[in-house]
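# Descriptive analysis of the structure
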Amino acid sequence: GENVEQHPSTLSVQEGDSAVIKCTYSDSASNYFPWYKQELGKGPQLIIDIRSNVGEKKDQRIAVTLNKTAKHFSLHITETQPEDSAVYFCAATPMIYNQGGKLIFGQGTELSVKP
Amino acid sequence: NAGVTQTPKFQVLKTGQSMTLQCAQDMNHEYMSWYRQDPGMGLRLIHYSVGAGITDQGEVPNGYNVSRSTTEDFPLRLLSAAPSQTSVYFCASSRMGLVDYEQYFGPGTRLTVT
């Protein structure tokens, strides 16, 4: 089955700097790669996702890149702000019609943005 | 819309006790799932359902039962709680098909088994 590895486990940056979180996956059948943000005491919330037919996707200060050959994908946050402090999870799954998505998550990265 | 709701928020059980974690969604989503979250291990899929009457096992199903009698509800049952089941449990739901994959998570239930 799928296995997702996420690095680093903790990341501390100064406000305004960029942050990069990296994930690798094992199942070449995976075709959907979401990123979730989890604030303290809350459930994870989707912030951006990418499908295997796209190499890069951007949404304001957040971008995700995908390298299918190397089986890795990354989250890039530019101009970080204190409200970006949270735990971030990557996930992967082969999305199959009418079977839903059994997301396999990475271990999480705790991002701390210092003012 | 309330989205995905979970009850209770906190629960303490003694080893061997049973209980049911409730999950409900009001978005008419076909797909529902249960995850557990442990430090350093991310979220691991316990059970999932693609519609009423259909359930299947995820990565870590042992010790848990589920059923799906309606589209809205997906309860998770612990038949005989063990300390290894101390965790935070999240329920999630999403549409199916190949257009909108976003999974919506509930606020979680923090379970402690002593």
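In this report, the structure presented in the accompanying data block is examined. None of the values given here were measured: they were computed from a predicted structure. (Residues numbered from 1 in each chain as written. Chains lettered and ligands numbered in written order. Predicted model: local features only at pLDDT ≥ 70, side-chain atom pairs only at ≥ 80, totals over all residues. Heavy atoms only, no water.)

### Points about the interface of chain B and chain A
Chain B puts 23 residues into the contact, and the matching count from chain A is 23 residues. The interface formed by chain B and chain A holds zero salt bridges in total. Taken together, the connections running from chain B to chain A amount to two residue pairs in polar contact (both at pLDDT 80 or more). Of the residues forming the side of chain B that touches chain A, the biggest block, four residues, is contributed by strand 5 (residues 43-51) of chain B. Looking at side-chain class alone, the side of chain B that touches chain A contains 14 nonpolar, six polar and three charged residues. (Contact = heavy atoms within 4.5 Å. Salt bridge = Lys/Arg side-chain N within 4 Å of Asp/Glu carboxyl O. Polar contact = N/O pair within 3.5 Å; in protein donor to acceptor, adjacent residues only side chain to side chain. Helix = DSSP H or I, 4+ residues; strand = E, 2+ residues; numbered from the N terminus. Nonpolar A, V, L, I, M, F, W, Y, C, P; charged D, E, K, R; others polar.)

### Overview of the side chain of E2(A)
All names here are of chain A. Take E2: it is sitting in the segment before strand 1 (4-7). An unpaired buried charge is present at E2: no salt bridge exists, and K71, the closest side chain of opposite charge, is 8.4 Å distant. At a separation of 3.0 Å, a polar atom in the side chain of E2 contacts the main-chain amide nitrogen of D27. Within the structure, E2 has its side chain in polar contact with the side chain of S30 (distance 2.5 Å). Non-local contacts of E2, meaning those with residues more than four positions away in its chain, are made with Y25, S26, D27, S30, A92 and I104. (Buried < 20%, exposed > 50% of the residue type's maximum accessible area, 1.4 Å probe, protein only. Lys, Arg positive; Asp, Glu negative; His and termini not counted.)

### Notes on the pattern of salt bridges
All names here are of chain A. Summed over all chains, the structure comprises six salt bridges over all chains. Salt-bridge contacts for E39 lead to K42; the nearest nitrogen and oxygen are separated by 3.6 Å. For R61, the salt bridge goes to D84, with nearest N and O atoms at 2.9 Å. Of this pair, R61 sits in the loop between strand 6 (56-59) and strand 7 (62-67) while D84 sits in the loop between strand 8 (72-77) and strand 9 (86-92), and the two are 23 residues apart along the sequence. R61 gets classed as partly exposed once you look at its relative accessible area, which sits at 22%.

### Side note on the nonpolar core
Residues and elements named next belong to chain A. If you look at the biggest cluster of nonpolar residues, it comprises 24 residues, and the most contacted ones within it are W35, F73, L75 and L111. Breaking this core down by element, the ones donating at least two residues are strand 2 (10-14), strand 3 (19-25), strand 4 (32-38), strand 5 (45-51), strand 7, strand 8, strand 9 and strand 11 (109-114). For L75, the contacting residues outside a window of four places in its chain are A19, V20, I21, W35, I47, I48, I62, A63 and Y88. (Core = buried A, V, L, I, M, F, W, Y, C linked by side-chain atoms within 4.5 Å.)

### Re the state of the cysteines
According to the stated counting rule, one finds two disulfides over all chains in the structure shown. The disulfide bridge from C23(A) ends at C90(A), spanning 1.9 Å between sulfur atoms. Because the sign of the S-S torsion sets the handedness, a value of about -100° for the bond joining C23(A) and C90(A) places this disulfide among the left-handed ones. Within this pair, whereas C23(A) is found in strand 3, its partner C90(A) is found in strand 9, the two being separated by 67 residues in sequence. In this pair, the class of C23(A) matches that of C90(A), namely buried. Covalent S-S linkage joins C23(B) and C91(B), the inter-sulfur distance amounting to 1.9 Å. Across the S-S bond linking C23(B) and C91(B), the dihedral sits near -70°, which makes this disulfide left-handed. With C23(B) in strand 3 (residues 19-25) and C91(B) in strand 9 (residues 87-94), this pair connects stretches of sequence that are 68 residues apart. The same class applies to C23(B) as to C91(B), namely buried. (Disulfide = S-S within 2.5 Å.)

### Description of the side chain of S93(B)
Residues and elements named next belong to chain B. Inspection of the secondary structure puts S93 in strand 9. A distance of 2.8 Å separates the side chain of S93 from the side chain of H29, its partner in a polar contact. Ignoring anything within four residues of it in the chain, the contact list for S93 reads V4, Q25, M27, H29, Y31, M32, E102, Q103 and Y104.

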